[in-house]
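Structure assessment
Residues per chain, in single letters:
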Amino acid sequence: MIRIEEMQVAKTRKKQYVNNISIPKEVVVEILRRVPCEELFETLKKVCMQWCSIIYSGSFAYSHVECGILKSSSFFSQYEAVVFDQIDNTRSISVSALEWQSRPFPNYPDEDLETKYMYTIDDVLEFQVPRMITVNSVNGFVCFWSRNARVHVLNPLTEEHFTTPPYTYEIRSVTPPCLAAIGFGFCQLSYEYKVVVLQEDGEGFEIKPLVFTVGTDRSWRSLKAIPDIKFGTRFEKGVYVNGVLYWYMDSCTRPRCGSNEIITSLICFNVSKEEVVTTMVPAELDIREGYESRIAQKGGNLCLVSLSYGPICSLLIKVYIADTSTDLSSFSSWKNEFNVTAPNMAYNISIKNAWSVSIVTDDMLVIRRMFTMDHLIFIDVPTGMMLSSYCLYTSAGFIPYVPSLVSLSHRPRHF
């Protein structure tokens, strides 16, 4: 009987000792920063009030996603992806996860990856849309356009979403304006998110920027027109890097002496200042006949991916990283990150047709081939082999992103 009482006393003392252990908050924050976002959101926020308070704070959310973005330069495993599709005869959109991380790639490239239904966003469309156009992702938010002059912003993990009002524009010519480019960016000063639309002004050689600040603006704002420039035939999606939205284009200047001058350039939109600058792309970056290039982001850095045909139907891929703090028109501002030779890939990608780069990491390239049916092609960087392909339905949209707990209302402060 005495032995049992002694054991109970010892157990009580041990429990009190454990409860009195105090881990500094800074240490807790540093530990939680290393935990995957999904586990924080689904499980660890329920452990105690302190952990819940940390996980839902704006400072922690931004520091956590910044860590994930840095890791995404090297590891494809940092990325998740969502697929959007309109539910038949409704104004709602279904959101599904593309399951490329939870299971290995198929044994054969022709096998499709699977999707998993996540949830439905109700009443965000005005009518039946033929296709949703994906834009880009920033800090865990994804952005897409639904062909009804509205843009949608969504955090797939937290399900927070926002839909802009339809944008309007002046018609100053017989030919109506058309959407030439669109992008989604982040103001690092005010911690606000902005959607930027570039409209071609009908028959004129002029681009009209329209801006909408999510959560602040009630209508779109028109900025000063960009004169003497006309996009090519390809619709451009923006790439956001360090406070700037970039669009890459083979632009066409105003005709002089009976001919148009074709210039490969970058349109750079400073999200905080809302200013536009155009800069030439250095010709040394294989921007010549036989090569086709696109821009993307790699671990928070601007990169250019150049494709050309190699011997025996191979595809030659060159990836350059830009130092955006310097003059991007100078070849010295670009570093050749790596090159890939993909055997037999010339059968899968026609570089003269529409294509874009979805993901660039040290271990994986994901290229989107846009034709009658869009396909995602996964290329292993070390070997150049195609691991898999995934077919997107006509109306579906696909966006890769680094998961985050960031909310549109978050304003970081010290822990």
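Scroll up for the structure.
Remember, predicted model here, so these are calculated numbers, not experimental data.

Along its length, the chain carries five helices and 26 strands. Considering only contacts within the chain whose residues lie at least 6 apart along the sequence, 53% involve residues at least 24 apart.

The element strand 18 (residues 291–298) is largely enclosed, with a buried count of seven among its eight residues. Alignment of strand 18 against strand 19 (residues 301–309), held across eight bridges, turns out to be antiparallel. Bridging across to strand 19, serine 293 finds its partner in serine 306. Hairpin connection between strand 18 and strand 19: a loop of two residues separates the two successive antiparallel strands, and glycine 299 in this loop has a positive phi of roughly 60 degrees.

Either a parallel or an antiparallel arrangement is found when strands of a sheet pair, and the pairing is made through backbone hydrogen bonds. What the four strands build is an open sheet, ordered 18-19-20-21; its pairing is antiparallel. Because the sheet does not close on itself, it has two edges, and the strands there are strand 18 and strand 21 (334–342). This sheet shows a mean twist of 20 degrees between the axes of neighbouring strands, independent of strand direction. Pairing of strand 19 with strand 20 (residues 315–322) involves seven bridges; the strand directions are antiparallel. The residue bridging serine 306 from the neighbouring strand is lysine 318, located in strand 20.

Among the nonpolar cores identified, the biggest contains 70 residues, and Trp100, Tyr193, Trp247 and Leu405 are the most heavily contacted of them. When residues in this core are grouped by element, the largest group, six residues, is from strand 8 (residues 178–187). Counting residues in hydrophobic clusters, the runner-up holds 23 residues, among them Ala296, Ala342, Ile349 and Met386.

This part covers helix 5 (residues 58–71). Since one α-helical turn is 3.6 residues long, residues separated by three or four positions face the same way. Counted at 1.5 Å a residue, the expected span for helix 5 with its 14 residues is 20 Å, and the 20 Å between its end C-alpha atoms agrees. Here helix 5 has its buried residues at Gly58, Ser59, Phe60, Ala61, Tyr62, Ser63, His64, Val65, Cys67 and Gly68. Where helix 5 is buried, its residues contact helix 2 (25–33), helix 3 (37–42), helix 4 (49–55), strand 8 and strand 9 (192–200).

Another aspect to go through is the packing of aromatic side chains. Under the defined criterion, the tally for this structure stands at eleven aromatic pairs. On the numbers, 6.4 Å between centres and 75 degrees between planes, the contact of phenylalanine 76 with phenylalanine 378 is edge-to-face. Placement of the pair is phenylalanine 76 in the loop between helix 5 and strand 1 (80–86) and phenylalanine 378 in strand 24 (residues 374–380), with a sequence separation of 302 residues. With 5.4 Å between their ring centres and 80 degrees between their planes, tyrosine 167 and tryptophan 220 make a pair best called edge-to-face. Placement of tyrosine 167 in the loop between strand 7 (161–163) and strand 8 and of tryptophan 220 in the loop between strand 10 (206–213) and strand 11 (221–222) is noted, with a sequence separation of 53 residues between them. Across this residue pair, the class does not change: tyrosine 167 and tryptophan 220 are buried.

Now for the environment of aspartate 123. Within the fold, aspartate 123 resides in the loop between strand 3 (115–121) and strand 4 (133–138). Residues aspartate 123 and threonine 90, spaced 33 residues apart in sequence, show a C-alpha to C-alpha distance of 7.9 Å. Sequence-distant contacts of aspartate 123, defined by excluding residues within four places in its chain, comprise Arg91 and Ser92.

What follows deals with the packing of helix 2 against helix 5. Axes are the key here: two packed helices are described by the angle between their axes and the distance separating the axes. Packing of helix 2 against helix 5 brings their axes to within 10 Å, and their N-to-C directions diverge by 40 degrees. The angle between helix 2 and helix 5 falls in the class oblique. For the pair helix 2 and helix 5, the crossing hand works out as right-handed. Between helix 2, through Val29, Leu32 and Arg33, and helix 5, the contact on the second element is made entirely by Phe60, Ser63, His64 and Cys67. Of the residues belonging to the contact of helix 2 with helix 5, the class tally is four nonpolar, two polar and one charged.

Within the structure shown, the criterion is met by eight salt bridges. Taking the shortest distance from any N to any O, the salt bridge between glutamate 337 and lysine 298 comes out at 3.2 Å. Pair noted here: glutamate 337 is in strand 21 and lysine 298 is in strand 18, with a separation of 39 residues, a long-range link. Lysine 298 sits in the buried class, given a relative accessible area of 1%. Within the structure, one salt-bridge network assembled from shared partners comprises Lys194, Asp217, Arg221 and Glu274.

We now examine the environment of asparagine 136. In this structure, asparagine 136 sits in strand 4. Assessed through its relative accessible area of 8%, asparagine 136 is described here as buried. When the C-alpha positions of asparagine 136 and isoleucine 182 are compared, they lie 9.1 Å apart, and in sequence the two are 46 residues distant. Leave out the neighbours within four places in its chain, and asparagine 136 touches Phe141, Val142, Cys143, Gly183, Phe184, Gly238, Tyr240, Leu245 and Ile399.

Reading the values: rules and limits
Every chain is numbered independently, its residues counted from 1 as its sequence is written. A pLDDT threshold of at least 70 governs which residues receive local features in this predicted model, and a stricter bar of 80 or more applies before side-chain atom pairs are shown or counted, although totals over entire chains, interfaces and linings include all residues. As a rule here, side-chain values cover all heavy atoms of the structure and leave hydrogens and water aside. By definition, any uninterrupted DSSP run of H or I lasting at least four residues is a helix, any uninterrupted run of E lasting at least two residues is a strand, and each is numbered from the N terminus. Contact between two residues is taken to exist if any of their heavy atoms lie within 4.5 Å; hydrogens are not considered. Remark: exposure states derive from per-residue accessible area (1.4 Å probe, protein chains only) relative to the maximum for the residue type, with buried under 20%, exposed over 50%, and partly exposed in between. Note: two strands are recorded as paired if DSSP finds a minimum of 2 bridges between them. Axis geometry follows a simple rule: fit a line to the C-alpha atoms, using only the stretch in contact for helices, then measure angles between N-to-C directions, giving values from 0 to 180 degrees. Residue types Ala, Val, Leu, Ile, Met, Phe, Trp, Tyr and Cys, when buried and joined through side-chain atoms within 4.5 Å, form a set referred to as a nonpolar core. Under the convention used throughout, the expected extent of a helix is 1.5 Å for every residue step, that is, one less than its residue count. Each Phe, Tyr or Trp ring, with Trp reduced to its six-membered ring, pairs with another whose centre is within 6.5 Å; inter-plane angles below 30 degrees give stacked pairs, above 60 give edge-to-face pairs, and intermediate values give tilted ones. For this classification, under 35 degrees means roughly parallel, over 145 means roughly antiparallel, 65 to 115 means roughly perpendicular, and everything else is oblique. Each helix crossing is assigned a hand: it is left-handed if the near helix lies turned anticlockwise from the far helix by less than a right angle, otherwise right-handed if that turn is clockwise. For this classification, Asp, Glu, Lys and Arg are treated as charged, while Ala, Val, Leu, Ile, Met, Phe, Trp, Tyr, Cys and Pro are nonpolar and the rest, including Gly, are polar. Salt bridge, as used here, is a side-chain nitrogen of Lys or Arg placed within 4 Å of a carboxyl oxygen of Asp or Glu.

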